[in-house]
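# Reading the structure
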Amino acid sequence: MPKVTFISQNGETVITAESGALLSDLLLSGGSPLEMPCGGKGRCGKCRVRAEGALSKATADEAAALRPDELSAGIRLACCTRLLGDAAVWTANRLEEGQIQAEGAVGFFTKKPYFRHYGAAVDIGTTTLAARLYGQDGPVSSAVSLNPQRIFGADVISRIHAAMNGKTEELARCVREEISRLLVKLADDAGISVEEIDAAVITGNTAMLHLFAKADPSPLAAAPFQAKELFGKTGEGKDFDLPCHPQAKIYLPRCMSAFVGADITTALLASGICDRDETALLVDIGTNGEMALWHQGNLLCCSTAAGPAFEGAGLSCGMPGVTGAIDRIAPEDGKLAVHVIGDVPAAGICGSGVVDAVAAIRQLGWMDETGRLSSEEDISLAGSVRIIQKDIRMVQLAKSAVCAGVKTLLDTAGIDAASLHTFAVAGGFGSYLNLSNAARIGLYPPELEKKAAVLGNAALSGAAMLLENTDFISRSEQAAHGSDTVDLSVNPVFMEQYIECMEF
Ligand code: FES
């Protein structure tokens, strides 16, 4: 059988593989953080790798996506390239240090645990997974990884379509396997057997919970967008093929609606904003900008399609916030000063980096208020990592969708941004975001910057609260049940604001 040598900064690994195997399959099974926003259809050009040896000829898709000089330098699309004999592939590092957020602060509360010995809290994000293990004395270990479902596409809609095209089993299997791996790691790090985990709370957006539980997600993808399943349900470890105790209680928190998931239910719990009288807004920006407004005892939610730009996907040089990603940029002496996670050569740019990049490019006068770059040339950031006009347009659509969502929620409640007491920013992207630059590019109304409280992974922290005090379960279910969701797809205020918020 052919031998494949994977070469990364961590060293070399040699495996044997079937002739005809796709490089993308080999890389993903080896744990490489390969990006495949188009789901391996050869359209997005994001699964680029450098490869040499006995490989299939470049396909038409590769010829369209790659420049001749890239092809002659051995750059290939991993989803189009098959192994024909021995070969070498240069890969990114496995996930090490990075921006996947497993931390998040919560206030003091009394303990009434859902578990007997050990319990796990898990957040299934569209891009990342995060987990924490708890014992009777509190948290004992944590672990993060990338969501392996990204091979079916970067956003929720492509995954729902994959499920509708017969991939339900595969989608569930890959995320369950990855959660299982995280549970084993949590247990190993804590020095216990994974079977001692006797309870887990697994949160996520509505689509992610459907795909994990093998529930039919098709109602989430078509009007009238009514979810038949909103969870708030308990199963057992064996029902979800998890390696914890077979009878472990597995609780999936209740979602608000088809648009607003259990991740917002648990993030709200962790934020504590519904325990106070003041008006507050919570946002979690990922491929969707999910948000919830607490005003005069009512909870008003919405979800806006931000697209994958803020998760580092879909951009010409985008990547998740892991080693090698440019995560911070500032204008310095008329140039761009960049910071790369892990202090290694830049391999791409992640969500927080692209917000900084756009703010700096505007500050330096290299782009006008409509988002048009003043030069035909791409903007080089570091090495071959660059920003092109199409990237600016993606960010423009994403920031406009989020800001218009915020304004629509405020308008529906009959208040303005100045009346907000707290602006709670949840999620991994929000944790690393430069709040001034986010306001500068118009991701949210500028009045909110000074009211911002960054919560970290509040969805995971809220799941942990459910794990540590069972009283929160009914409280969170009531909050989700009593919330109202604003459907932005038919909202005239949103349409108007979406256009108005386009300018930089
Ligand atoms: S081109 Fe390969 S994943 Fe999109």
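Residue numbering note: each chain is counted from 1, following its sequence as written. With pLDDT at 70 or above as the cut-off, local features in this predicted model cover only qualifying residues; side-chain atom pairs require 80 or more to be listed or tallied, and sums for whole chains, interfaces and linings still use all residues. Excluded from the side-chain calculation are hydrogens and water; included are all heavy atoms of the structure.

### Some thoughts on the nonpolar core
As a rule of thumb, soluble globular proteins bury nonpolar side chains together. Short version of the rule: What we call a nonpolar core is a set of buried Ala, Val, Leu, Ile, Met, Phe, Trp, Tyr and Cys residues that are connected through their side-chain atoms within 4.5 Å. For the exposure calls, accessible area comes from a 1.4 Å probe over protein chains only, and a residue counts as buried if that area is under 20% of its type's maximum, exposed if over 50%, partly exposed in between. Helix and strand assignments come from DSSP, with helices taken as H or I runs of at least 4 residues and strands as E runs of at least 2, each series counted from the N terminus. Contacts were defined at the residue level, with two residues in contact if any of their heavy atoms lie within 4.5 Å.
Among the nonpolar cores identified, the biggest contains 59 residues, and Leu281, Phe310, Ile349, Leu381, Ile387 and Leu443 are the most heavily contacted of them. With nine residues, helix H8 (residues 389-413) is the largest single contributor of residues to this core. Not counting residues within four places of it along the chain, the set of residues in contact with leucine 443 comprises Ile285, Phe310, Lys399, Val402, Cys403, Phe429, Leu433 and Ala438. Of all hydrophobic cores here, the second largest spans 45 residues; its members include Val122, Ala143, Ala227 and Leu242.

### Some details on the packing of H8 against helix H13 (residues 492-500)
For any two helices packed against each other, the geometry is given by the interaxial angle and the distance between the axes. Test applied: Convention adopted: a line fitted to C-alpha atoms gives each axis, helices being fitted over their contacting stretch, and angles between N-to-C directions are expressed from 0 to 180 degrees. By the definition adopted for this analysis, an angle is roughly parallel if under 35 degrees, roughly antiparallel if over 145, roughly perpendicular if from 65 to 115, and oblique otherwise. When the near helix sits turned anticlockwise from the far one by under a right angle, the crossing is termed left-handed; a clockwise turn instead gives a right-handed crossing. In this classification, Asp, Glu, Lys and Arg are treated as charged, Ala, Val, Leu, Ile, Met, Phe, Trp, Tyr, Cys and Pro as nonpolar, and every other residue, Gly included, as polar.
Their axes nearest at 8 Å, the elements H8 and H13 cross at an angle of 140°. Considering the angle they form, H8 stands oblique to H13. Once H8 is placed against H13, the crossing between them reads as right-handed. Residues Leu397, Ser400, Ala401, Ala404, Gly405, Lys407, Thr408 and Asp411 of H8 lie in contact with H13, whose contacting residues are Val493, Phe494, Gln497 and Tyr498. In terms of residue class, the contact of H8 with H13 is built from six nonpolar, four polar and two charged.

### Here we look at unusual backbone geometry
Look at the link from alanine 223 to proline 224: it is a cis peptide, with omega at 10°. With respect to the element layout, proline 224 can be found in the loop between helix H5 (206-213) and strand E10 (231-236). Even without being glycine, aspartate 333 reaches a positive phi, approximately 50°. Inspection of the secondary structure assignment puts aspartate 333 in the loop between strand E15 (325-332) and strand E16 (335-340).

### Some remarks on the sheet that holds E16
Keep this limit in mind: Strands are treated as partners if at least two bridges between them are detected by DSSP.
Spatial ordering of the open sheet is given by E16-E15-E17, a layout of three strands whose pairing is mixed. Single-partner strands in this sheet number two, and they are E16 and strand E17 (348-349). The strands touched by helix H7 (residues 351-363) are E15, E16 and E17; relative to E15, the strand with the most contacts, the crossing angle is about 20°.

### Focus on the state of the cysteines
Which entries qualify depends on this criterion: When two cysteine sulfur atoms lie within 2.5 Å, the pair is treated as a disulfide.
Enumeration according to the criterion identifies zero disulfides in this entry. Free cysteine: cysteine 80, not disulfide-bonded; nearest cysteine sulfur from cysteine 79 at 3.8 Å. Cysteine 302 takes part in no disulfide bond, and the closest cysteine sulfur to it belongs to cysteine 301, at a distance of 7.8 Å. Under the relative-accessibility criterion, cysteine 302 is labelled buried at 0%.

Keep in mind these values describe shape, not function.
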